[in-house]
Amino acid sequence: MSEQPRRPRKPGKPYRRPQKDPVRFLAFEALRAVDERDAYANLVLPPLLRKAREKDGFEARDAALATELVYGTLRRQGTYDAIIAECVDRPLREVDPPVLDVLSLGAHQLLGTRIPTHAAVSASVELARVVLGDGRAKFVNAVLRKIAQDDLDGWIAKVAPPYDDDPEDHLAVVHSHPRWVVSALWDSLGGGRAGIERLLEADNERPEVTLVARPGRSTAEELLREESAVPGRWSPYAVRLAEGGEPGAVGAVREGRAGVQDEGSQLVALALANAPVEGRDEKWLDGCAGPGGKAALLAALAAERGAMLLASEKQPHRAGLVAKALAGNPGPYQVIAADGTRPPWQPGSFDRVLMDVPCTGLGALRRRPEARWRRRPEDLEGFGPLQRALLSTALDSVRVGGVVGYATCSPHLAETRAVVEDVLKQWPGAELVDARPLFPGVPELGEGPDVQLWPHVHGTDAMYLAVIRRTG
């Protein structure tokens with residue numbers, strides 16, 4: 001199916017100017033920012049919504065629909081691409097990206113929401129008239145009418161290869177993940193089809209907003225007084241907001257006494273804080289502290305014990321975010337902008353060190369669905385040397401008898417166990433500690449000694465933690 005050139009209007013037929021739908025126009029703007037600027041939807045969408053509330057009088061239901069259109073489209077992009085490809089007469093790479101964004105938004109309304117078919121098609125065509133022009137709007141109309149001829153299950157049966165012929169490609173199309181990501185997650189998870197399907201499904205679910213009550217400044221009990229709040233699953237400082245809960249409306253969050261932090265991230269910080277050390281326990285280090293969630297929790301825990309935290313972050317603007325997160329901490333702390341592979345502190349300076357290293361972020365695809373399409377297998381080659389260097393720095397920075405927590409928000413084995421095993425070969429004076437007892441009450445933590453959390457099992461991001469004690 002080809003894009004049709006603009007045809008002259010029939011004589012006497014009045015031209016109807018396209019009507020701008022603020023909700024769908026905003027969703028289109030967000031998708032274009034993600035595509036053109038490599039932006040992340042969770043950073044682009046909030047300011048767009050604020051502006052829409054002020055300018056267009058957006059209500060809560062408008063914001064909810066715009067959010068669903070953006071995130072739903074991004075999560076199911078791979079599936080929708082496969083379906084759209086069946087309905088056009090050229091490779092998708094030859095379809096202009098703005099046209100593809102309108103088609104994807106339309107496909108999501110048709111196949112992923114309860115919006116009636118006629119409304120989904122007509123609203124998408126009207127959006128196309130506004131942002132693409134009348135000629136390409138005809139092309140959008142033709143494609144979406146073809147998509148509307150079947151439901152999502154029917155289309156998947158047509159475009160996904162049978163599981164028995166190619167399990168990974170089948171799962172990639174059905175659950176909208178790149179094939180290499182499916183393969184990597186399956187390797188890390190192990191087991192058969194049921195587990196990986198549950199994990200991929202969890203990646204496509206809307207994550208809850210989880211708050212953290214920063215010790216000494218707020219409590220979970222205080223946060224639970226909020227109308228939409230329910231207790232966290234595992235962390236004593238976690239409170240979850242029911243659907244529609246707005247963190248910015250919570251007083252403790254506005255005042256910095258609480259923050260937004262995934263429960264898996266909280267558990268990693270708590271595990272490092274509670275790992276047994278031999279001797280003094282006075283100086284802690286967060287060696288990759290940006291944007292500051294774990295650092296704020298660690299600083300508060302350190303303050304309760306009379307310890308201090310040094311939070312180090314290489315990027316100055318991210319160090320500024322860390323400083324903002326730690327402002328008002330009841331105990332001593334310091335924030336610096338420094339390269340963790342060339343640290344300004346002396347070896348053996350710290351009793352506890354957390355090194356939450358830069359990674360592919362494959363453990364947070366629920367929150368950043370676009371990352372699955374942005375990452376490439378070759379990215380692992382870039383992160384690997386840095387991850388090993390940072391873990392070596394952490395081991396050099398901790399004193400004998402102290403502990404290091406190596407953490408990633410990726411379950412990819414090349415970023416987790418492979419890094420730890422390689423570095424420990426060069427460090428005979430260090431040994432792995434069983435981290436599982438440091439996650440009290442959390443089930444299904446595997447064979448250890450490291451811990452891998454999972455969205456479909458624990459309701460958290462797929463955080464990884466290895467705890468290492470310096471022995472000599």
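Please refer to the structure placed before this passage.
The rules behind these values
- Residues numbered from 1 in each chain as written.
- Predicted model: local features only at pLDDT ≥ 70, side-chain atom pairs only at ≥ 80, totals over all residues.
- Heavy atoms only, no water.
- Helix = DSSP H or I, 4+ residues; strand = E, 2+ residues; numbered from the N terminus.
- Rg over C-alpha atoms; globule rule 2.2 N^0.38 Å.
- Buried < 20%, exposed > 50% of the residue type's maximum accessible area, 1.4 Å probe, protein only.
- Expected span 1.5 Å × (residues − 1).
- Contact = heavy atoms within 4.5 Å.
- Pairing = 2+ DSSP bridges.
- Axes fitted to C-alpha atoms, helices over the stretch in contact; angles between N-to-C directions.
- Left-handed = near helix turned anticlockwise from the far one by under 90°.
- Nonpolar A, V, L, I, M, F, W, Y, C, P; charged D, E, K, R; others polar.
- Polar contact = N/O pair within 3.5 Å; in protein donor to acceptor, adjacent residues only side chain to side chain.

**Regarding the overall build of the chain**
- Looking only at helices and strands, one finds 20 helices and twelve strands in the chain.
- Over its C-alpha atoms the chain spans a radius of gyration of 25 Å, differing by no more than 12% from the 23 Å that the globule rule assigns to 472 residues.
- Taken along its principal axes, the extent of the C-alpha atoms in the chain is 90 × 50 × 40 Å.
- Within the chain, buried positions represent 56% of all 472 residues.

**Things to note about helix α5 (residues 97-111)**
- Here α5 contains 15 residues, and its C-alpha end-to-end distance of 20 Å stays within 8% of the 21 Å for a straight helix at 1.5 Å per residue.
- In terms of residue burial, α5 counts as a mostly covered element, since 13 of its 15 residues are buried.

**Section: the environment of W284**
- By the secondary structure assignment, W284 is in strand β5 (residues 283-286).
- In this structure W284 comes out as buried when scored by relative accessible area, which is 1%.
- Along the primary structure W284 and G446 are separated by 162 residues, whereas in three dimensions their C-alpha atoms are 28 Å apart.
- The contact partners of W284, leaving out residues within four places of it in the chain, are A273, L298, L301, A302, R305, A307, M308, L309, L310, F350 and R352.

**Side note on the sheet that holds strand β4 (residues 258-260)**
- With respect to topology, four strands assemble into an open sheet ordered β2-β3-β1-β4, the strand pairing being antiparallel. Edge strands, defined here as strands with exactly one partner in the open sheet, are β2 (229-231) and β4. For this sheet, the mean inter-axis angle between neighbouring strands, taken without regard to orientation, is 35°.
- Of the pairings in the sheet, the one linking β2 to strand β3 (residues 238-241) comprises three bridges and is antiparallel in character.

**Details of the packing of helix α1 (residues 22-37) against helix α2 (residues 41-55)**
- Viewed as axis vectors pointing N to C, α1 and α2 meet at an angle of 145°, and their least axial separation amounts to 10 Å. In the crossing of α1 with α2, the sense of the turn from one axis to the other is right-handed. Contacts from L26, E29, A30, A33, V34 and R37 in α1 reach A41, V44, L45, L48, L49 and A52 in α2.
- A class-by-class count of the residues in the contact of α1 with α2 yields ten nonpolar, no polar and two charged.

**Comments concerning the environment of R376**
- Examined against the element boundaries, R376 turns out to sit in the loop between α17 (371-374) and α18 (379-397).
- Residue R376 is classed as partly exposed on the basis of its relative accessible area, which comes to 40%.
- Once the C-alpha coordinates of R376 and V181 are considered, the two residues, 195 residues apart in sequence, prove to be 8.9 Å apart.
- Of the polar contacts made by the side chain of R376, one reaches the backbone oxygen of W373; its length is 2.6 Å.

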